[in-house]
Amino acid sequence: METSKKKITFAPMFAGNILLLALLSAPGDTDTIRTERLEEVIVTSNSARQRLQNIQTGAEQLQLDDLTSAPQLFGENDIMRSIQLLPGIKAESDASSSFQVRGGTSAQNMVLFDGAPVYNVGHLAGLFSAFNDDALGSATLYKGLLPAQFGGASSAILDISGRTGDKQQWHGGATIGLLSAKATLEGPIVKDKLSMLVTARRTYLDAFLKLSKDFKDNTLYFYDINAKIDWNISRRDQLFLSFFTGKDRTAIEEMVDIKWRNLTASLKWLHHFNGGSNAQSTILYSGYDNDNGVDFLGLNLWYKGHIRQGTFRQDFNIQMGQQELKAGLQSSLMNVKSAEYQVLSRYEKEQRRAWENAVWLNGTFELGPWLTATAGLRFNAFSPLGGSLYYDIAPDGSIDWYYNYKKNQIVRTHITWEPRASLNFSISPLLNLKVAYARTSQNIHALRNQSTTTPFDRFTISSNIVEPEIADQVSAGIFAMTPDETYDFSLEGYFRKIKNVLDYRDGKTFRSEIEIERLVLPGEGKAYGVELLARKNIGRLTGWIGYTLAWSRTRIDGINGGEWYDANNDRRHDINIVAQYRLSKRWTLNAAWVFNSGQAFTAPSGKYQIIDNWIYYYSERNGYRAPDYHRLDVSAVLKSGKRNAEGGKRKVETEWVFGIYNLYNRYNPFLINFEDSENGARTRAKQYSLFGIVPSVSFNIKF
């Protein structure tokens, strides 16, 4: 089999990227396209000592300033891409804001914004994060032990809290980049009592399209809006109203029209008791919708889907001296449209509803001067509801039997008990040992037409025959720091086993059948690895070096002969080197180098001819490896500001950000496709690359 490489700026991951490709190429060129208190949230410095003393293994209290200062694609600060620079965390692809944690897929993560789930975390197929960094207050990533108050994810939780507005004075800011612009306004509605914050961001790629004769009838844009109101009702009571929405649309004349949207809202009442205890009552809504149409190359497809979830949640945080208890309950109604599509004249639809309930208790205890512990238990009950068809599936994938339950009738209840525990042994003031165990479960499952997130993903819920994904993870690590806290180090190992993981049957795609259970087979997975991290925290030069050695494998009866095979997100080695150098009060230099060993993928082992058609034969799932991935990103930040006449605080601050993504112009693998010669005698493997070198500049102003 011959191999070759092809350089493009945006590979055809899905049809909408064709428009992006057209934007960045000349017509006819098809080959080379080339601890501040924020009321309900505390943003901590997350010093070396805090990381050492933190009881929970695998928990990263993210330093947003450091993360968003790392060099970024198109000069856009992006928390999702910055997270991918941490050990044990991998990007889905060169184009993706989604991330994978410790052998899990991004669909096994849950990203929360002010408590509400966000199911698509990217704009423009992942080139931009769904989250405007100006709206972020704090974030914690749980990649090991999930506290009992979190559920719904079998891999990891990213818990993001939105920033609240200033109650003292009005502020604003704006940023203009190569492809997008954003603005922020915050301040007191009633001083010291009621504040608001609004941020908005929009790309102006569609404005460029209107100036082009060739592309003026095309559409390409995204926007997002965040708003938050913070009201001190009394000395003990606060009310928070948070809103987030984002929308994408990509349209190419009458060939492609792809749209997706996120919408979340939360209303939280926080009541403080004596002694530091508090209670939170929260009403949440989360919605994700996609609406896609494709009509080219013989494919005529119209496809829609959604996830809609309404939730009531009650939390209690009880302080008892050095001990802390967290307890709560949650009830959610879900409406999941797995698919509604029309292919040519065939119209089909599958939509189901469910009711999920959970209660939990989690405690933190000091057991002595050298030992602290956290332990919790979560009880989860998930009930698919009637009102739509359910069925039994025969071994060959055909439907054995139909069930037509009454509306809101409980079809089945899946019950999971999820214990979690972690111990922190203080060997010395500079050296700690941590061990942990956690069981987690997930009842919303994503089925993807490839290994990365796209608007064509299908979602389904646990049903009468689809079981919850249940993951058990054990981890242990050694954490150390130098006496002056300039450096800290960690070595952490983990083993994760998951039951009821889903994968496609051989020969099936996301639109082969409307009944999603006919497309998949359940099995088991396992992931294990070692993560090393060294940080420098103090001085002009700061940053970290991280290395991950990892395995991720799957076994499903009916796939690969029932033998274990590498998961499509299996990558053996990951190296991340991130540095920030403060050249002066005004200039800061940043650099990040990333290396990933080749990702597993499935390639044909042979082919045969039936009449005039060549049919590929696959003997092994994910039996081949893509070439290694590596790149170097750099940026320089220039800050300046003007002071008022009294020499007080700066009234206007400006910032120029100059960046280069992929400095040495490495064409990394994004997509590997197999193409036949005209007579079909030879097959070539073609590598498609997404980016070469990408310079950027952006201007920020704050007042």
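Residues numbered from 1 in each chain as written. Predicted model: local features only at pLDDT ≥ 70, side-chain atom pairs only at ≥ 80, totals over all residues. Heavy atoms only, no water.

Before going further, it helps to examine the nonpolar core. Ranked by size, the top nonpolar core spans 42 residues in total, and within it Phe99, Phe131 and Leu158 carry the most contacts. Within the residue set of this core, elements represented by two or more residues are helix 4 (79-83), strand 6 (99-101), strand 7 (109-113), strand 11 (136-142), strand 12 (156-162), helix 5 (205-210), strand 16 (219-232) and strand 36 (587-596). Those residues in contact with phenylalanine 131 that lie beyond four places of it in its chain are Met80, Val111, Phe113, Val118, Val121, Leu136, Ile160, Arg201 and Phe244. Of all hydrophobic cores here, the second largest spans 27 residues; its members include Val256, Val294, Leu301 and Tyr504. (Core = buried A, V, L, I, M, F, W, Y, C linked by side-chain atoms within 4.5 Å. Buried < 20%, exposed > 50% of the residue type's maximum accessible area, 1.4 Å probe, protein only. Helix = DSSP H or I, 4+ residues; strand = E, 2+ residues; numbered from the N terminus. Contact = heavy atoms within 4.5 Å.)

Further remarks concern the side chain of aspartate 574. Checked against the element boundaries, aspartate 574 lands in strand 35 (residues 573-582). With residues near it in sequence (within four places) discarded, aspartate 574 still touches Lys90, Gly546, Tyr547, Thr548, Phe595 and Asn596.

The tally for this structure, following the rule as stated, stands at 32 salt bridges. One salt bridge connects aspartate 574 with lysine 90, and the closest N-O pair in it is separated by 3.8 Å. Residue aspartate 574 is found in strand 35, and its partner lysine 90 is found in strand 5 (residues 89-91); the two are separated by 484 residues along the sequence. For lysine 90, a relative accessible area of 8% translates into the label buried. (Salt bridge = Lys/Arg side-chain N within 4 Å of Asp/Glu carboxyl O.)

What follows deals with the packing of aromatic side chains. Scanning the entire structure with this criterion turns up 18 aromatic pairs. For the pair tryptophan 593 and phenylalanine 595, a centre-to-centre distance of 6.2 Å together with 20° between the ring planes defines the contact as stacked. Residue classification places tryptophan 593 among the partly exposed residues on the basis of a relative accessible area of 28%. Between the aromatic rings of tryptophan 656 and phenylalanine 658, the centroid separation amounts to 6.1 Å while the plane-to-plane angle is 10°, which identifies the pairing as stacked. Among the aromatic side chains, those forming a connected cluster through ring pairs are Phe113, Phe131 and Phe244. The side chain of lysine 434 reaches across the aromatic face of phenylalanine 479, ending 4.3 Å from its centre. (Phe/Tyr/Trp six-rings, centres within 6.5 Å; stacked < 30°, edge-to-face > 60°. Lys NZ or Arg CZ within 6 Å of the ring centre and 35° of its normal.)

Turning to the environment of valine 634, a few remarks are in order. With respect to the helices, strands and loops of the structure, valine 634 is situated in strand 41 (residues 629-643). Put simply, valine 634 and alanine 591 are 43 residues apart on the chain and 4.3 Å apart in space, counted from C-alpha to C-alpha. Beyond its immediate sequence surroundings of up to four residues, valine 634 is in contact with Pro71, Asn590, Ala591, Phe658, Gly659, Ile660 and Leu663.

Even without glycine at this site, glutamate 485 takes up a positive phi of about 65°. Among the structural elements, glutamate 485 can be located in the loop between strand 30 (469-481) and strand 31 (487-504). One non-glycine residue with positive phi stands out, namely asparagine 662, at about 65°. Inspection of the secondary structure assignment puts asparagine 662 in the loop between strand 42 (650-661) and strand 43 (671-676). Residue classification places asparagine 662 among the buried residues on the basis of a relative accessible area of 2%.

By the criterion of burial, strand 12 is predominantly enclosed, with 7 of the 7 residues buried. Of the two faces of strand 12, both are covered, the one formed by Ala156, Leu158, Ile160 and Gly162 as well as the one formed by Ile157, Asp159 and Ser161. Pairing of strand 7 with strand 12 involves 5 bridges; the strand directions are parallel. Its bridge partner being in strand 12, asparagine 109 is matched across the sheet by alanine 156. Where strand 11 and strand 12 come together, 6 bridges link them in antiparallel fashion. Among the inter-strand pairings, tyrosine 142 is bridged to a residue of strand 12, identified as isoleucine 157. (Pairing = 2+ DSSP bridges.)

Taken in spatial order, the 5 strands make up an open sheet running 4-11-12-7-8, and their pairing is mixed. Looking at which strands have only one partner, the edges of the open sheet turn out to be strand 4 (59-61) and strand 8 (116-118). The mean inter-strand angle of the sheet, taken between neighbouring strand axes irrespective of direction, is 25°. The pairing of strand 4 with strand 11 spans 3 bridges and is classified as antiparallel. (Axes fitted to C-alpha atoms, helices over the stretch in contact; angles between N-to-C directions.)

In summary, the side chains of a regular strand alternate between the two faces of the sheet. With 15 bridges connecting them, strand 22 (residues 346-368) and strand 23 (residues 371-385) associate as antiparallel partners. Paired with tryptophan 360 across the bridge in strand 23 is arginine 378.

What follows is about a nonpolar patch on the surface. A surface patch of nonpolar side chains, amounting to about 850 Å² of accessible area, comprises Ile229, Trp231, Ile233, Leu241, Leu267, Trp269, Ile283, Phe312, Leu329 and Val359. Of all the secondary-structure elements, those providing two or more residues to the nonpolar patch are strand 16 and strand 18 (256-272). (Patch = residues over 30% accessible without salt bridge, like charges linked within 9 Å, V, L, I, M, F, W, Y side chains within 5 Å. Areas by Shrake-Rupley, 256 points an atom, 1.4 Å probe, with all protein chains shown as cover.)

Next up on the list: the confidence of the model for the protein. Here the protein averages 82 in pLDDT, while 85% of its residues score no lower than 70. In this model residues 1-45 is a low-confidence stretch, pLDDT under 50, and it forms 123 contacts with partners more than four residues away in sequence or in other chains. (pLDDT = per-residue confidence, 0-100.)

Position of isoleucine 318 among the secondary structure elements: in strand 20 (residues 299-320). For the pair isoleucine 318 and glycine 275, spaced 43 residues apart in sequence, the C-alpha separation works out to 8.7 Å. If we skip the residues at most four places from it in the chain, isoleucine 318 touches Ser277, Gln323, Glu324 and Leu325.

Another point: a negative patch on the surface. Taken together, the side chains of Asp217, Glu253, Glu254 and Asp295 define an acidic patch exposed on the protein surface. For glutamate 253, the position within the fold is in the loop between strand 17 (237-252) and strand 18. (Lys, Arg positive; Asp, Glu negative; His and termini not counted. Charge placed at Lys NZ, Arg CZ, Asp CG, Glu CD.)

Attention shifts here to the environment of isoleucine 283. Locating isoleucine 283 in the fold gives a position in strand 19 (residues 278-296). Separated by 17 residues in the primary sequence, isoleucine 283 and serine 266 place their C-alpha atoms 5.6 Å from one another. Isoleucine 283 has contacts with Ala265, Ser266, Leu267, Thr311 and Phe312, leaving out every residue within four places of it along the chain.

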